[in-house]
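Residues per chain are reported as follows:
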Amino acid sequence: MTAPVKLFSSVKIGSLELPNRIVMSPMTRIRAGEDCVPTESMARYYSQRAAAGLIITEGTHPSPMGRGYTYPPGLHNVAQAVGWRRVTDAVHEAGGRIFVQLMHAGRVSHSDLLPEHALPVAPSAIAIKGEIHTFTRKAPFEVPRALETDEIAAIVQDYRRAAELSVAAGFDGVELHAATGYLPNQFQVSGSNKRNDQYGGSVENRSRFTLEILAALCTVRGAGRVGVKIGPGFTVNDTFDDDPAETYTYLARQLNALGLAYLHVGYDSGYSRGTPPPFNPVDLIRPVYSGSLLAVGGFTRDSGEKALEAGRADAIVYGRPFISNPDLVERFASGVSLNAPDVRTFYGGDDHGYTDYPTIAREVHLK
Ligand SMILES: Cc1cc2nc3c(=O)[nH]c(=O)nc-3n(C[C@H](O)[C@H](O)[C@H](O)COP(=O)(O)O)c2cc1C
């Protein structure tokens, strides 16, 4: 294919003008410091990728109870906001734009990772089948504690507070992680939500938690600086629904009224565990959602360009290609081949496999 045109055209996404349509996907890398404070290495990693039209950070917990990994970054206290400020300053100095992805793990966690060894929380007391990495071991997922109805408003407040801290931390906006079986998604789907209050049962009720969080985020940041990620039909983390097409198209229709910056639709190309859905999530959602749509999952330069040409999405989100190609945008522009990612260094470790992938500039210099 000749040099892509659409990928390199600018686009207005909410309050932001993106210089290109190549977005960096949120990716957990488990390299934050003690107390989940972002590090200098993280600032380097993200700023190396600042040529992206938009960077979306790795999942970041809005409260200590939202933590789901050993060393993920958080955004629930001032030290973490200060750490993130170093990241956002570095990205902005390099000419980029950056949203923080707010991710409450809910039942995709373990008491080893939570304050005072509390049990993870969830809409219903149903454990995920399988195991989770804690600090010292791999342990079976525990049966989570079902949230009381009157506890839910406090969790929405945690997200609101994280949005407030995101302003101090210098983020251009926030993305709600409502995909892949994390807490909002646990409420959304019928398999993990057996509640009989106003947050369970009908699709209207199961969508309520996600919509309340988004309303809170919009109050703080303005809708033009709030996005949300969904992954219709994916079963990772035991995310089962009786009628996923109905569940997610209902949610997408409700989102129309909010005027968000974007809806980010996950189409996982077999990276994660679980069964792929019987439909293409991007094509399911596009006709029912009137705002900007970001598509993710297994895209190459050429397939991304084609999806834009066909009007299937407004921007393309790249995950793994950005891990191993800090200069992905430059490589797409020039047609230079990509470095392959090393899966062994995806989660945790030092700067190897994190900030040391070669750039074209470095390769040329070394020759
Ligand atoms: C190492 C790794 C960590 C990830 N962590 C997150 C995450 O924190 N939040 C999220 O929404 N998706 C996460 N994902 C999924 C990616 O954002 C993306 O949807 C997926 O990798 C498919 O895109 P790709 O085929 O371009 O890699 C992760 C993917 C990888 C490879």
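Predicted model only: the values in this text are computed from it and were never measured. (Residues numbered from 1 in each chain as written. Predicted model: local features only at pLDDT ≥ 70, side-chain atom pairs only at ≥ 80, totals over all residues.)

A.B. asks: Can you help me understand the sheet that holds strand β12 (residues 262–266) in this one?
C.D. replies: The strands making up a sheet associate through hydrogen bonds between their backbones, and the pairing can be parallel or antiparallel. The strand order around the closed barrel built from eight strands is β3-β4-β5-β10-β11-β12-β13-β14, with neighbouring strands paired in parallel fashion. Along the sheet, successive strands turn relative to each other by an average axial angle of 25 degrees, direction set aside. As judged from the four bridges shared by strand β11 (residues 226–230) and β12, these two strands associate in the parallel manner. By the bridge assignment for β12, I230 is matched with V265. (Pairing = 2+ DSSP bridges. Helix = DSSP H or I, 4+ residues; strand = E, 2+ residues; numbered from the N terminus. Axes fitted to C-alpha atoms, helices over the stretch in contact; angles between N-to-C directions.)

A.B. asks: Hey, could you run me through helix α5 (residues 203–221) in this one?
C.D. replies: Every α-helix winds through 3.6 residues per turn, so residues three or four apart in the chain are directed the same way. Compared with an ideal rise of 1.5 Å per residue, which puts 19 residues at 27 Å, α5 spans 27 Å between its outermost C-alpha atoms and is within 8% of the ideal. By the largest-angle criterion, F209 marks the main kink of α5, which is about 35 degrees. Among the residues of α5, V203, R206, S207, F209, T210, I213, L214, A216, L217 and R221 are the ones counted as buried. Buried-residue contacts for α5 involve α3 (152–168), β10 (173–177), α4 (183–188), β11 and α6 (244–256). One or two positions beyond α5, positive phi appears at G222, with a value near 80 degrees. (Expected span 1.5 Å × (residues − 1). Bend = angle between axes of the 7 residues up to and from the residue. Buried ≥ 20, exposed ≤ 12 C-beta atoms within 10 Å, placed from the backbone. Contact = placed C-beta atoms within 7 Å.)

A.B. asks: Honestly, the confidence of the model for the protein in this entry has me stumped. Any pointers?
C.D. replies: Detailed reading of predicted coordinates is not advised where the pLDDT is low. Of all residues in the protein, 96% attain a pLDDT of 70 or more, and the chain-wide mean is 95. Mean pLDDT in the protein bottoms out at helix α11 (residues 360–366), which sits at 70, and peaks at strand β5 (residues 98–102), which reaches 99. (pLDDT = per-residue confidence, 0-100.)

A.B. asks: I would appreciate a short explanation of the site of the ligand in the present structure.
C.D. replies: Around the ligand sit 23 residues, and of these S25, T28, G59, G319 and R320 come closest. Secondary-structure elements contributing two or more residues to the shell around the ligand are β4 (54–60) and α9 (320–324). Across the shell around the ligand, the residue classes tally to nine nonpolar, 10 polar and four charged. (Near = placed C-beta within 6 Å. Nonpolar A, V, L, I, M, F, W, Y, C, P; charged D, E, K, R; others polar.)

A.B. asks: Just to check I follow, could you spell out the pairing of strand β14 (residues 315–318) for this structure?
C.D. replies: A regular strand places its side chains so that they alternate between the two faces of the sheet. Burial along β14 is two-sided: the residues A315 and V317 and I316 and Y318 are all buried. In terms of strand pairing, strand β3 (residues 22–24) meets β14 through three bridges, oriented parallel. Considered in β14, the bridge of M24 is made with Y318. In this fold, strand β13 (residues 293–296) hands off to helix α8 (residues 301–309), which returns the chain to β14; that crossover is right-handed. (Right-handed = clockwise from strand over helix to strand, strands pointing away.)

A.B. asks: It is not clear to me how the environment of T345 should be interpreted in this structure. Could you clarify?
C.D. replies: Along the chain, the position of T345 falls in the loop between α10 (328–334) and α11. Sequence separation between T345 and A90 is 255 residues; the distance between their C-alpha atoms is 23 Å. Sequence-distant contacts of T345, that is, excluding residues within four places in its chain, are made with H352, G353 and Y354.

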